[in-house]
Amino acid sequence: MNEEIYKNIPTTYPLCLHDDCPKADTCLRQLAFRQHAGQGLYLRLLNPTRCPKQENCPHYADNKPVIFAKGFTNFQKKMFPDQYSRFMTILIYHFGRNPYFMRRRGDTLIPPKEQEIIKRALERSGVTQPMEFDQYVEGINWEP
């Protein structure tokens, strides 16, 4: 296990202690448990009686890195003022004012699910041209 990848495990991330699960070697919840087991006094665990040790576990979290977007400050330059106003309103309603601006500036990485939300907001605002985020980075998706 590459311990460097798992050094930024969120403290509230639910862990799984089933090392005998068929998906244990690729499940973030089990890999994070292995990393934390010897370190922390308190751990946040999924209820072991509710975790099926099966291929179709509903709590499985794939450990493959994903592509995060970082910032979308260039969107405003490519939109009409009314489009941008509607776009910003949709996303502030969804994320909240400060979290919207943190994502816009690139202070908060944007996981794939949120990238889709932003792309739908572009469509709802009437933007037809393709838009690219400011930057893309690879990382582990710790979203539950």
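Bear in mind the structure is a predicted one, so any value in this text is a computation, not a measurement.

Asks: Teacher, can you tell me more about the nonpolar core here?
Replies: It is characteristic of soluble globular proteins that their nonpolar side chains tend to be buried jointly. One finds Phe 72, Phe 75, Met 79, Phe 87, Leu 91 and Ile 118 to be the most contacted residues of the largest nonpolar core, which totals 18 residues. Put simply, the parts of the chain that give this core at least two residues each are helix H2 (81-95) and helix H4 (112-124). With 5 residues, the top contributor of residues to this core is H2.

Asks: I would appreciate a short explanation of a nonpolar patch on the surface in the present structure.
Replies: Side chains of Leu 17, Leu 43 and Leu 45 sit close together on the surface and give an oily, nonpolar patch of about 210 Å² of accessible area. Examined against the element boundaries, Leu 43 turns out to sit in the loop between helix H1 (28-37) and strand S1 (66-70). In this structure Leu 43 comes out as partly exposed when scored by relative accessible area, which is 33%.

Asks: Please clarify how the packing of aromatic side chains should be interpreted in this entry.
Replies: How two aromatic rings sit relative to each other is given by the distance of their centres and the angle of their planes. All chains considered together, the criterion is met by 10 aromatic pairs. On the basis of an interplanar angle of 40° and a centroid distance of 5.3 Å, the ring pair of Phe 72 and Phe 75 is categorised as tilted. Using a relative accessible area of 1% as the deciding quantity, one classes Phe 75 as buried. Measuring from centroid to centroid gives 5.5 Å for Phe 75 and Phe 133, while their planes differ by 45°, and the two rings are tilted. Here Phe 75 is found in the loop between S1 and H2, whereas its partner Phe 133 is found in the loop between H4 and strand S2 (135-139), with 58 residues between them in sequence. When sorted by exposure, Phe 75 lands in the same class as Phe 133, which is buried. An aromatic cluster of three or more residues is present, and its members are Phe 72, Phe 75, Tyr 84, Phe 87, Tyr 100, Phe 101, Phe 133 and Tyr 136. Seen from the ring of Tyr 60, Lys 23 lies directly overhead, with NZ or CZ sitting 4.2 Å from the centre.

Asks: Sorry if this is basic, but what is going on with H2 here?
Replies: Taking 1.5 Å as the rise per residue, H2 with 15 residues should run 21 Å; its terminal C-alpha atoms sit 21 Å apart, in good agreement. For H2, the complete set of buried residues consists of Gln 83, Tyr 84, Phe 87, Ile 90, Leu 91 and Phe 95. Seen end-on, H2 carries its buried residues on one side only, within an arc spanning 130°. Turned more than 90 degrees away from the buried face of H2 sit Pro 81, Asp 82, Thr 89 and Tyr 93, all of them exposed. In the core, the buried residues of H2 are packed alongside helix H3 (97-105) and H4. At the exit of H2 stands Gly 96, carrying a positive phi of roughly 105°.

Asks: Before we go on, may I ask you to explain the packing of H2 against H3 in this structure?
Replies: Axes are the key here: two packed helices are described by the angle between their axes and the distance separating the axes. Interhelical geometry of H2 versus H3 gives an angle of 120° and a closest axis separation of 7 Å. Here H2 runs over H3; the crossing is right-handed. Judged by residue contacts, Tyr 84, Phe 87, Met 88, Leu 91, Ile 92 and Phe 95 of H2 engage Arg 97, Pro 99, Tyr 100, Phe 101, Arg 103 and Arg 104 from H3. A class-by-class count of the residues in the contact of H2 with H3 yields 9 nonpolar, no polar and 3 charged.

Reading the values: the criteria
Residues numbered from 1 in each chain as written. Predicted model: local features only at pLDDT ≥ 70, side-chain atom pairs only at ≥ 80, totals over all residues. Heavy atoms only, no water. Core = buried A, V, L, I, M, F, W, Y, C linked by side-chain atoms within 4.5 Å. Buried < 20%, exposed > 50% of the residue type's maximum accessible area, 1.4 Å probe, protein only. Helix = DSSP H or I, 4+ residues; strand = E, 2+ residues; numbered from the N terminus. Patch = residues over 30% accessible without salt bridge, like charges linked within 9 Å, V, L, I, M, F, W, Y side chains within 5 Å. Areas by Shrake-Rupley, 256 points an atom, 1.4 Å probe, with all protein chains shown as cover. Salt bridge = Lys/Arg side-chain N within 4 Å of Asp/Glu carboxyl O. Phe/Tyr/Trp six-rings, centres within 6.5 Å; stacked < 30°, edge-to-face > 60°. Lys NZ or Arg CZ within 6 Å of the ring centre and 35° of its normal. Expected span 1.5 Å × (residues − 1). Arc of directions from axis to C-beta. Contact = heavy atoms within 4.5 Å. Axes fitted to C-alpha atoms, helices over the stretch in contact; angles between N-to-C directions. Left-handed = near helix turned anticlockwise from the far one by under 90°. Nonpolar A, V, L, I, M, F, W, Y, C, P; charged D, E, K, R; others polar.

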